[in-house]
Amino acid sequence: MANFTSKDVMKLREQTGVGMMDCKKALVETDGNFDEAVKYLREKGMASAAKKASRVAAEGLVKCVIAEDKHTGVAVEINCETDFVARSDQFIALVDNIANHILHSNAATIEALADEKYYADSSKTISVLVAEATAAIGEKISLRRFTKFALNGDGVVDSYIHMGGKIGVLIELSGKAPVADLQGLAHNLCMQIAASKPQVIGIGDCDPKALEAEREILTAQAQNEGKPAAVIQKMVEGRIHKYYKEVCLLEQEYVLDTALAVKQVVADVAKKSGTEITVTKFIRYEMGEGIEKRVDNFVDEIAEQMKNIK
């Protein structure tokens, strides 16, 4: 018997949008291997490109802070247990304080950050700051991840927060264009990234293994559609081009004017400014992304408690 449970079937259905019976069949065919089951469904043309860890399953906030010189920026995600706490003044203040600390920090890991003395009160470390907030708020608080961009040379770092801290984007542009032009472009690109979820900057940044896996899936899809061998290669290349437009920032349709690609927008601002502009880095944090949220079964919980009542 294949090694999977009804929860695995439900998870596959939620990630792919495919019916329960087809998800069960996919898991049977792949002996319970979740990733292979996703691939199986895509090859059969039943599932669109599934993105792992796409379900937001934790509470908290994403915060971005940019230095006054626009050359340094920080994005941080801090989690708590309930949305009520995430919206509280006390939790928001904690997130703000830690984000501003990271702006002054050289820490490269969560562990190193936790051991640092808080920049505004050296009598406390960041871990103590979090522990105090946990005791005061009454919920577990987790400093999950952070990214810091520090630009060397001409350019700007900018950010964008969407839905009050549910999504945060940090971007770095290099170039000698006027700061106002760079900031305007950077802000619009941050909104683009928040909305369109690119994975890389350009085609050359795509993971060769991921690209080859995508090519194999697209080839299998075309074969399962019964297309002649002579046209399969052209179909696959056309679909790969569509794949680039989904995952590569510069290849995407510009959300503010879908007649343009993002790379055209960057080129237009560069031409207007009389200088070259390069998108050098970006990150996109979605609050709770990839974290399994506990699902309470209150009927089972009460039944378990009843067992202990004599």
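A brief look at the structure comes next. (Residues numbered from 1 in each chain as written. Predicted model: local features only at pLDDT ≥ 70, side-chain atom pairs only at ≥ 80, totals over all residues. Heavy atoms only, no water.)

## What to know about the pattern of salt bridges
Inference 1: The final tally for this structure, using the stated rule, is 14 salt bridges.
Inference 2: Among the ionic pairs, Lys 166 bridges to Asp 83, the shortest N-O distance being 3.5 Å. With Lys 166 in the loop between β6 (155-162) and β7 (167-175) and Asp 83 in helix α4 (residues 83-86), the pair connects residues that are 83 residues apart, well separated along the chain.
Inference 3: Under the relative-accessibility criterion, Lys 166 is labelled partly exposed at 26%.
Inference 4: Residues Glu 286 and Lys 197 are paired through a salt bridge, measuring 3.9 Å at the closest nitrogen-oxygen approach. On the criterion of sequence distance, the pair formed by Glu 286 in strand β10 (residues 277-286) and Lys 197 in the loop between α8 (179-196) and α9 (208-224) is long-range, its members being 89 residues apart. (Salt bridge = Lys/Arg side-chain N within 4 Å of Asp/Glu carboxyl O. Helix = DSSP H or I, 4+ residues; strand = E, 2+ residues; numbered from the N terminus. Buried < 20%, exposed > 50% of the residue type's maximum accessible area, 1.4 Å probe, protein only.)

## A word on helix α11 (residues 262-273)
Inference 1: End to end, α11 covers 17 Å across twelve residues, agreeing with the expected 16 Å (1.5 Å per residue, within 8%).
Inference 2: Check the buried side of α11 and you find it contacts α8, β8 (253-254), β9 (257-261) and β10.
Inference 3: Backbone geometry just after α11 places Gly 274 at a positive phi near 70 degrees. (Expected span 1.5 Å × (residues − 1). Contact = heavy atoms within 4.5 Å.)

## Considering the environment of Gln 90
Inference 1: Note on placement: Gln 90 falls in helix α5 (residues 89-103).
Inference 2: For Gln 90, a relative accessible area of 45% gives the class partly exposed.
Inference 3: In sequence terms Gln 90 and Ala 133 are 43 residues apart; their C-alpha atoms lie 7.8 Å from each other.
Inference 4: Apart from the residues lying within four places of it in its own chain, the contact partners of Gln 90 are Ala 136 and Ile 137.

## Observations regarding the pairing of strand β1 (residues 59-66)
Here is the key point about a regular strand: its side chains alternate between the two faces of the sheet.
Inference 1: Within β1, six of the eight residues are buried, which leaves it mostly tucked inside the rest of the structure.
Inference 2: Across eight bridges, the pairing between β1 and strand β2 (residues 72-80) is antiparallel. Residue pairing for β2: Lys 63 is matched across the bridge by Val 76.
Inference 3: Between β1 and β2, which pair antiparallel in sequence order, lie five residues; one of them, Lys 70, sits at a positive phi of approximately 65 degrees. (Pairing = 2+ DSSP bridges.)

## Comments concerning the sheet that holds strand β5 (residues 142-150)
Inference 1: Spatial ordering of the open sheet is given by β1-β2-β5, a layout of three strands whose pairing is antiparallel. Looking at which strands have only one partner, the edges of the open sheet turn out to be β1 and β5. Each neighbouring strand pair of the sheet contributes to a mean axis angle of 10 degrees, computed without reference to strand direction.
Inference 2: Set on the sheet, α5 makes contact with β1, β2 and β5; between it and β2 the angle comes to about 145 degrees. (Axes fitted to C-alpha atoms, helices over the stretch in contact; angles between N-to-C directions.)

## Some remarks on the side chain of Thr 72
Inference 1: Turning to its location among the elements, Thr 72 is positioned in strand β2.
Inference 2: Setting aside anything within four residues of it in sequence, one finds Thr 72 in contact with Val 65, Ile 66, Ala 67, Leu 103, Lys 148, Phe 149, Ala 150 and Val 157.

## Some remarks on unusual backbone geometry
Inference 1: Unusually for a residue other than glycine, Lys 70 sits at a positive phi of about 65 degrees.
Inference 2: Along the chain, the position of Lys 70 falls in the loop between β1 and β2.
Inference 3: The exposure class assigned to Lys 70 is partly exposed, which follows from its relative accessible area of 28%.
Inference 4: Positive phi outside glycine occurs at Met 163, with the angle close to 55 degrees.
Inference 5: As for its placement among the helices and strands, Met 163 is situated in the loop between β6 and β7.

## Thoughts on the state of the cysteines
Inference 1: Using the criterion set out here, one finds zero disulfides in the structure.
Inference 2: Distance from the sulfur of Cys 64, which forms no disulfide, to the nearest cysteine sulfur (Cys 190) is 7.8 Å. (Disulfide = S-S within 2.5 Å.)

Bear in mind that shape data such as this cannot, by itself, settle questions of function.
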